[in-house]
Amino acid sequence: MRKPRWWAESALIAVVYAAYSGGRLLVRGDEASAVEHGLAILRLERLFGIDAEHPLNRLFTDVPALGIPADFAYASLHYLVTPAILVWLFRRRPAHYRAARTWLMLSTLLGLAGFTLLPTCPPRLLDPAYGFTDTMAYFSAYGWWGGEASAPRGLGGLTNQYAAMPSLHVGWALWCGVMLWRYGRTPVTKALGLAYPLVTTLVVMGTANHYLLDAVAGAAVMGAGLLLTPHALRLARRLRGTAEAPPVVSAGCETSTGERIPGQRSVPTSADDTSTAAR
């Protein structure tokens, strides 16, 4: 199989990420329905006693030594670790790069479909009566973000704050963890592969950016992308094979044994040479 070219891969990733970011921005959803979807998730979690985001958010708010690093992690690692893992795979594990990249991209597009179909208000934007604190706004003096998620101050209008379901922070972190676990060669790398998605899940809930079920949905989206990846790779190989196949000069026509295309010069065989020498 042909080795991926860095410039082609960079362009492809840029196009997919632009579609993801632009899609999030354009499909903002109706605020009222987004709030209702958020409250429905919260009610479902309370019904089953799994609303873990409440105690985590109180802990992160009361303990700045937890809340402030968590805010920095939420605002930055999502956009730093994932491309770093992609570059590492491209350079050090090229045999596995194409499948890994395809898995990530398909899952990202599925997540965009989720934002479109189910705009969801994150816990931090619910009425304060529901008991959540937006830690990124609460500790905003320590970072570059303002009161509108992880966007830099003044750029909050360029984000879709109702794209909570599914959590691609968790989904991408899970992808990174799998890559580190499968292709890392040291115990430290494998330990990071386990820790990173778990810590990310705690961070997104503790900062009140996602519900627990958002994190579960993020993992489910990655699972769906993984199942679709072999089919996408086969389709890509088929398309590349069609594009690279040489043209058939005879337009599919075949000659019978011994028959020549008009004007074709015969090529002497060893048998012909023998009979000529005998004469």
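Sequence order as written defines the numbering, with residues in each chain counted from 1. Given that this is a predicted model, residues contribute local features only at a pLDDT of at least 70 and side-chain atom pairs are listed and counted only at 80 or more, while totals for whole chains, interfaces and linings are drawn from all residues. Heavy atoms from the whole structure form the basis of all side-chain values; hydrogens and water molecules are not counted.

Caption draft 1: Examining the overall build of the protein more closely. Each helix and strand counted, the protein has ten helices and zero strands in total. The secondary structure elements of the protein, listed N-terminal to C-terminal, are α-α-α-α-α-α-α-α-α-α. Relative accessibility under 20% of the residue-type maximum defines a buried residue, over 50% an exposed one, and the middle range a partly exposed one, all with a 1.4 Å probe and only protein chains included. Relative to its full complement of 279 residues, the protein shows a buried share of 39%. Expressed as a percentage of contacts within the protein between residues at least 6 apart in sequence, the contacts between residues at least 24 apart total 80%. Each accessible area is a Shrake-Rupley result for a 1.4 Å probe, and residues are judged covered by the shown protein chains and nothing else. Counting only carbon and sulfur atoms, one obtains 66% of the accessible surface of the protein, whose full area is about 15700 Å². Secondary structure elements follow DSSP: runs of H or I no shorter than four residues count as helices, runs of E no shorter than two count as strands, and numbering proceeds from the N terminus. What makes two residues a contact is simply this: any of their non-hydrogen atoms within 4.5 Å.

Caption draft 2: Spatial organisation of the pattern of salt bridges. Note on definitions: salt bridges are taken to be side-chain nitrogens of Lys or Arg within 4 Å of carboxyl oxygens of Asp or Glu. Scanning the entire structure with this criterion turns up three salt bridges. We note a salt bridge from E36 to R43, for which the minimum N-O separation is 2.7 Å. Looking at E36, the relative accessible area reads 39%, which means it is partly exposed. According to the relative accessible area criterion, R43 is partly exposed, its value standing at 46%. Between D134 and R124 there is a salt bridge whose closest N-O contact spans 3.4 Å. Here D134 is found in the loop between α5 (94–117) and α6 (135–138), whereas its partner R124 is found in the loop between α5 and α6, with ten residues between them in sequence. The same class applies to D134 and to R124, which are both buried.

Caption draft 3: Looking closely at unusual backbone geometry. Along the chain, M165 connects to P166 via a cis peptide bond; the corresponding omega equals 0°. Along the chain, the position of P166 falls in the loop between α6 and α7 (168–183). Positive phi, close to 65°, is recorded for A208, a residue that is not glycine. Mapped onto the secondary structure, A208 falls in the loop between α8 (187–206) and α9 (212–244).

Caption draft 4: Summary view of the nonpolar core. Put simply, buried Ala, Val, Leu, Ile, Met, Phe, Trp, Tyr and Cys residues joined by side-chain atoms within 4.5 Å make one nonpolar core. Ranked by size, the top nonpolar core spans 22 residues in total, and within it I85, L89, W175 and M179 carry the most contacts. Of all the secondary-structure elements, those providing two or more residues to this core are α4 (64–92), α5, α7 and α9. With eight residues, the single largest contributor to this core is α7. The contact partners of L89, leaving out residues within four places of it in the chain, are P94, Y97, A100, W175, M179 and Y183.

Caption draft 5: Region of interest: the packing of α7 against α8. For helices, the fitted axis covers only the stretch in contact; all axes are lines through C-alpha atoms, and the angles between them, taken along N-to-C directions, range from 0 to 180 degrees. Running from N to C, α7 and α8 cross one another at 170°; their axes reach a closest spacing of 7 Å. Here α7 is positioned roughly antiparallel relative to α8, judged by the angle of their axes. Across the interface between the two elements, H169, V170, A173, L174, C176, G177, L180, W181 and R182 of α7 pack against T189, K190, L192, G193, L194, Y196, P197, T200, T201 and V204 of α8. When its residues are assigned to classes, the contact of α7 with α8 shows eleven nonpolar, six polar and two charged. Here roughly perpendicular refers to angles of 65 to 115 degrees, roughly parallel to angles under 35, roughly antiparallel to angles over 145, and oblique to all remaining angles. Following the grouping adopted for this structure description, the nonpolar residues are Ala, Val, Leu, Ile, Met, Phe, Trp, Tyr, Cys and Pro, the charged ones are Asp, Glu, Lys and Arg, and the polar ones are all others, Gly among them.

Caption draft 6: Inspection of the packing of helix α3 (residues 53–62) against α8 at higher detail. α8 packs onto α3 with a crossing angle of 80° between their chain directions and a minimal axis gap of 8 Å. As far as their axial angle goes, α8 and α3 are roughly perpendicular. Here E53, L56, N57 and F60 of α3 lie close against α8, whose contacting residues are L202, V203, M205 and G206. A breakdown of the residues in the contact of α3 with α8 according to their chemical character gives five nonpolar, two polar and one charged.

Caption draft 7: Geometry of the environment of L212. Considering the arrangement of structural elements, one finds L212 in helix α9. For the pair formed by L212 and A52, sequence separation is 160 residues and the distance between their alpha carbons is 6.7 Å. If sequence neighbours within four positions are ignored, L212 has contacts with E45, I50, E53 and M205.

Caption draft 8: Fine view of the side chain of T229. Within the secondary structure layout, T229 lies in helix α9. Leaving out residues up to four positions away in the same chain, T229 has contacts with A99, T102, W103 and L106.

Caption draft 9: Fine view of the packing of aromatic side chains. Any two rings among Phe, Tyr and Trp, with Trp reduced to its six-membered ring, count as a pair given centres within 6.5 Å; such a pair is stacked if its planes are under 30 degrees apart, edge-to-face if over 60, and tilted if neither. As enumerated under the stated definition, the model contains three aromatic pairs in all. On the numbers, 4.9 Å between centres and 80° between planes, the contact of Y138 with F139 is edge-to-face. A residue is classified by how much of its surface remains accessible, and Y138, at 53% relative accessible area, is exposed. Their ring planes at 65° and their centres at 6.3 Å tell us that F139 and Y142 sit as a pair that is edge-to-face. Look at Y142 and you get exposed, because its relative accessible area is 54%. One aromatic cluster is present, built from ring pairs that chain together Y138, F139 and Y142.

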